[in-house]
Amino acid sequence: METMGRFAPSPSGRIHLGNILCCLLAWLSARQKGGRVILRIEDLDTARCPARYGEQMCRDIHWLGLDWDEGPGVGGPSGPYEQSRRTGLYQAALERLEAQGLVYPCFCTRAELHAASAPHREDGQVIYPGTCRRLSPEEAAERARRTGRPPALRLRVPEEEITFTDGHMGTYGEDLPRDCGDFLLRRSDGMFAYQLAVVVDDAAMGVTEVVRGADLLASTPRQLLLYRLLGLQPPAFYHFPLLLDSRGRRLSKRNADAGLDTLGQRYTAPEILGKLAFLAGFHPSAEPRTGEELLAEFDWDKVPRTDIRIPEGLF
């Protein structure tokens, strides 16, 4: 089977070094196998991800020299390639889960969950305690009348541990009720959740390999459950460590000096890619390299498995 990789950035701001590393690793991993690459714009939250941000992100990735075979500006058989235009597919998947009796309305607000004694994960996410799981239809209708707002929709998770072997990080598993609880499929404002959208899209687009940051490793058991419930074939997963600044803080779009609007004025694209490949362990120096030049050097076994701190002065 031909490898189909993808990069799927969320355009809530200008692309930064962490995003660029993800694109680079996904591109190299697929291209080294002779595979194809999809670019998908994950703009479900249209208020935070206006169309102009997605267009800028496409220009940025093109400037870096990382091409794609399907996606915005190229087209392809699996379009549209913006999640904001694919909500009908997510609704159809939701209805399939509802037909299995696995979906229920939830009236809990985020503030209520954080204020309650519900357990929290290490990353701060609430492990849903099942507050609304056993509401009868009559109780749900009364709760909807009293709150005056539409409910969110959650998936009933089974009493099960889901374990998989990540292509880079090795074996990882979660006991679903204990480690995450019933998770969201659609928010109360009608926005579909990341877990559902990404599963539907990767399956519909024929993605065979997902490369993404280790912050999403914990999402994978939930997504594997959705693949199974929807009768879809899951891809192989490769999670890589996060980039940290010189003080050990995780990079974000708020790190102005790590954004391409600043970096692009100071460095060429090969200079940026060469430095990132050096940090990722498969390029022996920080000398400039294009994506094509890095293909022969790329090796997952050389990529670290713990977070990568950017040395002072490298960028």
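Residues numbered from 1 in each chain as written. Predicted model: local features only at pLDDT ≥ 70, side-chain atom pairs only at ≥ 80, totals over all residues. Heavy atoms only, no water.

Peer 1: How should the packing of aromatic side chains be read in this particular structure?
Peer 2: Each aromatic ring pair is described using two quantities: the centre-to-centre distance and the angle formed by the ring planes. Scanning all chains against the criterion turns up seven aromatic pairs. Each ring, one from Phe 164 and one from Tyr 172, has its centre 6.3 Å from the other, and the planes form 70°; the classification is edge-to-face. On the basis of relative accessible area, Tyr 172 is assigned to the partly exposed category, the value being 22%. These aromatic residues form a ring-pair network of at least three members: Tyr 238, Phe 282, Phe 298 and Trp 300. A cation sits over an aromatic face here: Arg 154 above Tyr 128, 3.7 Å from the ring centre. The residue whose ring lies beneath Lys 275 is Phe 315, and the NZ or CZ to ring-centre distance is 5.8 Å. (Phe/Tyr/Trp six-rings, centres within 6.5 Å; stacked < 30°, edge-to-face > 60°. Buried < 20%, exposed > 50% of the residue type's maximum accessible area, 1.4 Å probe, protein only. Lys NZ or Arg CZ within 6 Å of the ring centre and 35° of its normal.)

Peer 1: What is the right way to look at helix α3 (residues 87–99) in this model?
Peer 2: Residues separated by three or four positions in an α-helix point in the same direction, a consequence of the helix having 3.6 residues per turn. Look at α3: 18 Å from first C-alpha to last across 13 residues, which is about the 18 Å you get at 1.5 Å a residue. When α3 is considered as a whole, its buried residues turn out to be Tyr 90, Ala 93, Leu 94 and Leu 97. One face of α3 carries all of its buried residues, which in axial projection span an arc of 100°. When the buried face of α3 is taken as reference, the exposed residues oriented beyond 90 degrees from it are Gly 88 and Ala 99. Elements that come into contact with the buried residues of α3 comprise β3 (103–106), β4 (152–155), β7 (184–186), α7 (194–204) and α8 (220–229). Just beyond α3, the residue with positive phi is Gly 101, at close to 70°. (Helix = DSSP H or I, 4+ residues; strand = E, 2+ residues; numbered from the N terminus. Expected span 1.5 Å × (residues − 1). Arc of directions from axis to C-beta. Contact = heavy atoms within 4.5 Å.)

Peer 1: Can you walk me through unusual backbone geometry in this structure?
Peer 2: Leaving glycine out, the prevailing phi sign among residues is negative, and the prevailing peptide bond configuration is trans. Looking along the chain, the bond that leaves Gly 79 and enters Pro 80 is cis, with omega of 0°. Along the polypeptide, Pro 80 turns up in the loop between α2 (51–63) and α3.

Peer 1: Is there a simple way to think about the sheet that holds β3 in this case?
Peer 2: By definition, the strands of a sheet pair up through backbone hydrogen bonds, in either a parallel or an antiparallel sense. An order of β3-β4-β7 is seen for the three strands of this open sheet, with the pairing classed as antiparallel. Since the sheet does not close on itself, it has two edges, and those belong to β3 and β7, each with one partner. Ignoring which end each strand starts from, the neighbouring axes of this sheet average 45° apart. Of the strand pairs in this sheet, β3 and β4 are connected by four bridges, and their pairing is antiparallel. Its bridge partner lying in β4, Tyr 104 is registered against Arg 154. In the packing of α3 onto the sheet, contacts are made with β3, β4 and β7, and the angle to β7 comes to roughly 125°. (Pairing = 2+ DSSP bridges. Axes fitted to C-alpha atoms, helices over the stretch in contact; angles between N-to-C directions.)

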